[in-house]
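# Secondary and tertiary structure notes
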Amino acid sequence: MSTKRVILDCDPGHDDAFAIMLAVQHLDVLGITGVGGNSPLGNVTRNALTVLEAIGHADDVPVYAGCSRPMVAELVTAPMFHGKSGLDGHHRPAPTHEVQRGHAVDFIVDTVMGTDDVTLLATGPLTNVAEALNREPRIADRISEICIMGGSVTFGNWTPAAEFNILVDPEAAARVFNSGIHVKMTGLNLTRQCGFTSETVRRFREIGTQASEFAADLTEFFTSAGRRLDDPTVACMHDACAAAWLIGPTLIRSAPMHIDVELSGKLTRGMTVCDYRHLCGPHPECDIERDAQTGYKGDDPNAEAALELDYDGYLKLVYDTLARYQ
Ligand code: RIB
Ligand code: CA
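Residues numbered from 1 in each chain as written. Chains lettered and ligands numbered in written order. Predicted model: local features only at pLDDT ≥ 70, side-chain atom pairs only at ≥ 80, totals over all residues. Heavy atoms only, no water.

### Side note on the site of ligand 1
Put simply, the test is: Residues are classed as near a molecule or strand on a simple rule: at least one heavy atom within 4 Å of it. As used in this structure description, the phrase polar contact means that two N or O atoms lie within 3.5 Å; if the pair is within protein, one of them must be able to donate a hydrogen and the other to accept it, and residues adjacent in sequence are counted only when both atoms belong to side chains. Here the Shrake-Rupley method, with its probe set to 1.4 Å, supplies the accessible areas, and only the displayed protein chains count as covering residues. Note on conventions: DSSP H or I runs of at least 4 residues are helices, E runs of at least 2 residues are strands, and numbering of each starts at the N terminus. Residue type decides the class: Asp, Glu, Lys and Arg count as charged, Ala, Val, Leu, Ile, Met, Phe, Trp, Tyr, Cys and Pro as nonpolar, and the leftover types, Gly among them, as polar.
All residues in the neighbourhood of ligand 1 are listed as Asp11, Asp15, Asp16, Asn38, Thr123, Met149, Asn157, Glu163, Phe164, Asn165, His238 and Asp239. A distance of 2.9 Å separates an oxygen atom of ligand 1 from a polar atom in the side chain of Asn157. The protein chains hide 96% of the 270 Å² of surface that ligand 1 would expose on its own. For the shell around ligand 1, the elements supplying multiple residues, two or more each, are helix H1 (14–26), helix H6 (164–168) and helix H11 (238–247). Partitioning the shell around ligand 1 into residue classes produces two nonpolar, five polar and five charged.

The following block contains the structure:
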């Protein structure tokens with residue numbers, strides 16, 4: 001078990017479920033906080049309990065309910081990908097464990113103020129994280145880093161420019177990227193490299209644990225629902241990549257850059273605007289000789305963007321993890 005202490009803020013969600021299964025096995029998960037996103041808040045918190053019961057950890061990882069809607073925008077959900085329940089396709093009974101009393105934002109604030117070196121792993125809209133920063137700005141000095149699944153260095157999936165998690169609550173995302181906390185951005189440009197196939201599902205079933213059967217059921221549903229037209233046989237469990245990055249830092253190649261969020265563009269609201277120019281070579285504000293001497297890494301790289309996935313290493317981590325759950 002890594003000593004990396006994390007709070008997992010998520011909106012399960014099939015791919016959030018994989019992030020939970022990876023994080024609980026390999027990280028010190030202090031708690032899971034649910035946020036409205038893929039499905040309404042009541043669904044995502046229930047689904048988080050379902051996943052924890054499927055892997056036998058519902059007694060040791062508390063689940064809190066957070067914000068049911070974005071800071072400014074109306075909630076947008078994704079039933080076309082995750083089904084009416086937010087986690088369609090599994091065969092688990094309704095969870096018997098219950099969501100903790102108390103709000104997730106208070107749990108985040110209290111935990112960070114009382115515990116050193118906490119990392120936030122966020123795989124849904126960033127509403128809870130932004131509200132925690134607004135409620136107690138001092139957490140920005142205490143949080144080690146924030147690793148998100150969200151945004152993209154290239155194209156979007158909800159609009160041509162914006163990825164779902166960022167677009168659902170762009171104001172919250174802008175608050176997080178401008179908080180001063182280092183952000184590891186696992187964007188669509190990376191997560192579209194992580195597709196599970198029918199061979200993956202066969203391997204899950206071959207592992208034969210309750211967790212791997214659960215994973216196989218989720219993947220089969222997500223493949224059919226998520227039906228990527230450029231490759232309809234593949235399911236990208238986006239959020240699992242963000243968890244994998246914290247578990248195995250060498251699984252992902254990244255680059256430092258300044259990232260901010262567009263809030264008002266007619267075509268670009270919710271876009272993560274990534275300043276990659278210092279890595280591209282000459283541009284109006286750069287001076288190659290000076291930058292080489294000074295080690296300039298671009299305007300205030302507040303983040304690092306994931307660029308390349310070690311797909312075989314990632315798959316091995318997923319298989320090994322599912323095999324370790326009895
Ligand atoms: O765009 C993919 C992201 O949106 C994932 O986190 C998925 O769970 C949805 O929340
Ligand atoms: Ca998610």
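This is not the end of the story, as more comes after the structure.
### A closer look at the sheet that holds strand E8 (residues 272–275)
Convention followed: When DSSP finds two or more bridges between two strands, those strands count as paired. To obtain each axis, a line is fitted to C-alpha atoms, and for helices this fit is confined to the stretch in contact; angles are then taken between N-to-C directions over 0 to 180 degrees.
Ordered by their spatial adjacency, nine strands build an open sheet running E3-E2-E1-E4-E5-E6-E9-E7-E8, and the pairing between neighbours is mixed. Single-partner strands in this sheet number two, and they are strand E3 (63–65) and E8. Neighbour-to-neighbour, the strand axes of this sheet turn through a mean angle of 30°, independent of strand direction. Relative to strand E6 (residues 183–186), strand E5 (residues 143–149) is paired through four bridges, and the arrangement is parallel.

### Observations concerning unusual backbone geometry
A positive phi angle, near 55°, is found at Asp117, a position not held by glycine. Assignment of secondary structure puts Asp117 in the loop between helix H4 (104–114) and strand E4 (118–122).

### A short note on helix H5 (residues 127–135)
As a reminder of what qualifies: Working definition: with a 1.4 Å probe on protein chains only, accessible area under 20% of the residue-type maximum means buried, over 50% means exposed, and in between means partly exposed. For this analysis, residues touch if any pair of their heavy atoms sits within 4.5 Å.
Within the sequence span of H5, burial applies to Thr127, Asn128, Val129, Ala130, Ala132 and Leu133. On its buried side, H5 packs onto strand E1 (5–10), strand E2 (28–34), H4, E4, E5 and helix H7 (170–177).

### Looking at the packing of H4 against H5
To keep things clear, this is the line we draw: Under this scheme an angle from 65 to 115 degrees is roughly perpendicular, one under 35 degrees roughly parallel, and one over 145 degrees roughly antiparallel; angles in between are oblique. It is the rotation of the near helix from the far one that decides the hand of a crossing: anticlockwise by less than a right angle makes it left-handed, clockwise makes it right-handed.
Direction vectors running N to C along H4 and H5 enclose 60°, while the axes themselves pass 9 Å from each other. If you check the angle between H4 and H5, you find them oblique. Remark: the crossing between H4 and H5 carries right-handed chirality. Of the residues in H5, those touching H4 at Ala104, Val105, Asp106, Ile108 and Val109 are Asn128, Glu131, Ala132 and Arg135. When grouped by side-chain class, the residues that make up the contact of H4 with H5 number five nonpolar, one polar and three charged.

### Description of the side chain of Glu163
Note the following rule: Positive: Lys, Arg. Negative: Asp, Glu. His and the chain ends are not part of the count. Take a side-chain nitrogen of Lys or Arg and a carboxyl oxygen of Asp or Glu: if they are within 4 Å of each other, that pair is a salt bridge.
Inspection of the secondary structure assignment puts Glu163 in the loop between E5 and H6. Within the buried core, Glu163 has no salt-bridge partner, and the shortest N-O distance to an opposite charge, that of Arg192, equals 11 Å. For Glu163, the side chain forms a polar contact with the main-chain nitrogen of Gly151, separated by 2.9 Å. Here the side chain of Glu163 touches Asn165 through a polar contact of 2.8 Å, landing on its backbone nitrogen. Not counting chain neighbours up to four residues away, the residues in contact with Glu163 comprise Met149, Gly150, Gly151, Gly156, Asn157, Trp158, Leu188 and Gly270.

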